[in-house]
Amino acid sequence: MKMLLANAEAWPGFDTTVDLLKQGGAGIDAMVSGIARVEREAKVRSVGYGGWPNMLGEMEFDAGVMDGTTRDVGAVGAVPATLPVSALAHEVMKHLPHVMLTGAGARRFASERGFALDEVLHPDSKRVWWERLQKEMSPEQLAAFPDIALAPLSNAITDPERVRDTTVFLGRDGGDNLGVVTSTSGWAWKYPGRLGDSPIPGAGFYADSRYGAAACTHTGEMTMRCGTSRSIVLALRLGHSLADAVELAVQELSELKTGFLAGVVIHAMDAKGNHQVVNYRCDDEIRYWYWDERMAAPELRVATAIQP
Ligand code: GLY
C-alpha cells in the first residue's frame, strides 16, 4: 500500500509527493521533489529559505535521505547557500562513496552537482535574529561582534519560540519500498557548526523496508543521545508492535535527566501499513499529514500527546 506521512509544515510539498506516488514514482524521488517545495516556501519558518540562522546570522542547513530497501543513506550538515539541501543529500547518496558531507565540503560538492549559490537568509529572519542578539549582548559585545566568545551566549539565547522543527517525509511506494527524507535549518541561533539530528542516520531518521521507518522533529539534542529512529526500527525487527516500539523510544527519551531537555515528535510507520505520530512533551498541539492509497485526499491529523 502506498503511504505518505509528514509533519504539519510539509504542506507546500505533500500533494506533490502524493501525486508522484500515485503516478508510480519511486518513493525517494517523490519525497525529495515534495520536500524541495517546502524548502523554497518562505512561509515555512523552520526549513529552507523561511528558516532561522545561526548565532552569526548565517543559514546552515541539514538534511538526510534513506532508502529503506538498500539502506543507502545520503546526508549533509551545516551547508551554506544551498537549496534544496534534501536534494543535495540525495546526490551524496547517489554519487559518492560517503554517507555525509558537511560545511564547505558539502557546498563544494553542491557546485560540482550544479546547485546554484543561493541567497538563503530571509530578510525577516535576519531582522529577528539581530533584534534577539542585541537584547542579549552588552554594549562591549555588540561593538566587538562577531569577534566575541559565542559560547556564553549559547544558553541565554536559546529561543523556545523558534522551534527546533524539521520537515520529515516518510513514505512507501508502489514497490513497497520504505524511505525517509528530512530537511531543516536547525535550532534558531545555534552555535555555528551545530548539527541537529536531521542529517544523523539512526537519530533523526531511519528506514528498513522489511520492518518500518521513523523520523523525528524538534529537539535533536535528545534523539541523537538515544538513537531514537533506529531504536524504533530495531524494536520492529525484534517483533514488537509499532505502538510498543514507539513507547520504548519515548521511555528512552524520558530516562534522560541531564543536558538540554525539551519536546520531541516521533513519526513512525511499519511495513504492515500502520503509522503513529507521538508528541513527547511539546506544549503545543502537534499535527501531521497522512495519506494512503485508500484515501481520497491527505488528512491533517493530531499527534498523540505524551507528557513526562
Ligand atoms: N530536529 C531538528 C534539530 O534538532 O535541528
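Residues numbered from 1 in each chain as written. Predicted model: local features only at pLDDT ≥ 70, side-chain atom pairs only at ≥ 80, totals over all residues. Heavy atoms only, no water.

In the nomenclature of an unreviewed UniProt entry, the protein chain is known as Asparaginase of Duganella callida.

**Some remarks on the sheet that holds strand β13 (residues 304-306)**
The condition that has to hold: Two strands form a pair only when DSSP identifies at least two bridges running between them. For the purposes of this entry, the term helix denotes a DSSP run of H or I that reaches at least four residues, the term strand denotes a run of E that reaches at least two, and both are numbered from the N terminus. As a rule, the C-alpha atoms of each element are fitted with a line to give its axis, helices using only the stretch in contact, and angles between N-to-C directions run from 0 to 180 degrees. Contact criterion: two residues are considered in contact whenever any of their non-hydrogen atoms come within 4.5 Å of each other.
An order of β7-β8-β9-β10-β13 is seen for the five strands of this open sheet, with the pairing classed as mixed. Lying at the two open borders of the sheet, with one neighbouring strand each, are β7 (205-208) and β13. Each adjacent strand pair in this sheet contributes to an overall mean axis angle of 20°, direction not counted. Relative to β13, strand β10 (residues 275-280) runs parallel, the two sharing three bridges. Across the sheet, valine 278 pairs through a bridge with threonine 304, a residue of β13. Strands in contact with helix α9 (residues 228-237) are β7, β8 (212-218) and β9 (264-270); relative to β8, the strand with the most contacts, it is inclined by about 155°.

**With respect to the packing of aromatic side chains**
Quick reminder of the rule: Aromatic rings from Phe, Tyr and Trp, taking only the six-membered ring of Trp, are treated as a pair when their centres fall within 6.5 Å; an angle between ring planes under 30 degrees marks them as stacked, one over 60 as edge-to-face, and anything in between as tilted.
All chains considered together, the criterion is met by seven aromatic pairs. Note on tryptophan 52 and tryptophan 189: the rings are 5.7 Å apart at their centroids and 70° apart in plane angle, and the pair reads as edge-to-face. Of the two residues, tryptophan 52 sits in the loop between α2 (27-40) and β2 (61-67) while tryptophan 189 sits in the loop between β6 (178-184) and β7, which places them 137 residues apart along the sequence. Measuring from centroid to centroid gives 6.2 Å for tryptophan 129 and phenylalanine 145, while their planes differ by 50°, and the two rings are tilted. Pair noted here: tryptophan 129 is in helix α5 (residues 123-136) and phenylalanine 145 is in the loop between α6 (139-144) and α7 (151-156), with a separation of 16 residues, a long-range link. Grouping aromatic residues by their ring pairs yields a cluster made of Phe14, Phe169 and Trp289.

**Section: the sheet that holds strand β1 (residues 3-7)**
The strand order across the open sheet formed by eight strands is β4-β3-β2-β6-β5-β1-β11-β12, and the pairing between neighbours is mixed. Only two strands of the sheet have a single partner each, and these edge strands are β4 (100-102) and β12 (299-302). The mean angle between the axes of side-by-side strands here comes to 15°, regardless of whether they run parallel or antiparallel. Pairing between strand β11 (residues 287-292) and β12: four bridges, direction antiparallel. Following the sheet pairing, arginine 287 is matched in β12 by valine 302. Lying over the sheet, α2 contacts β1, β2, β5 (167-172) and β6, oriented at roughly 20° with respect to β6. Strand contacts of helix α3 (residues 85-95): β2, β3 (73-79), β4 and β6, with the helix running at about 130° to β3, the strand carrying the most contacts.

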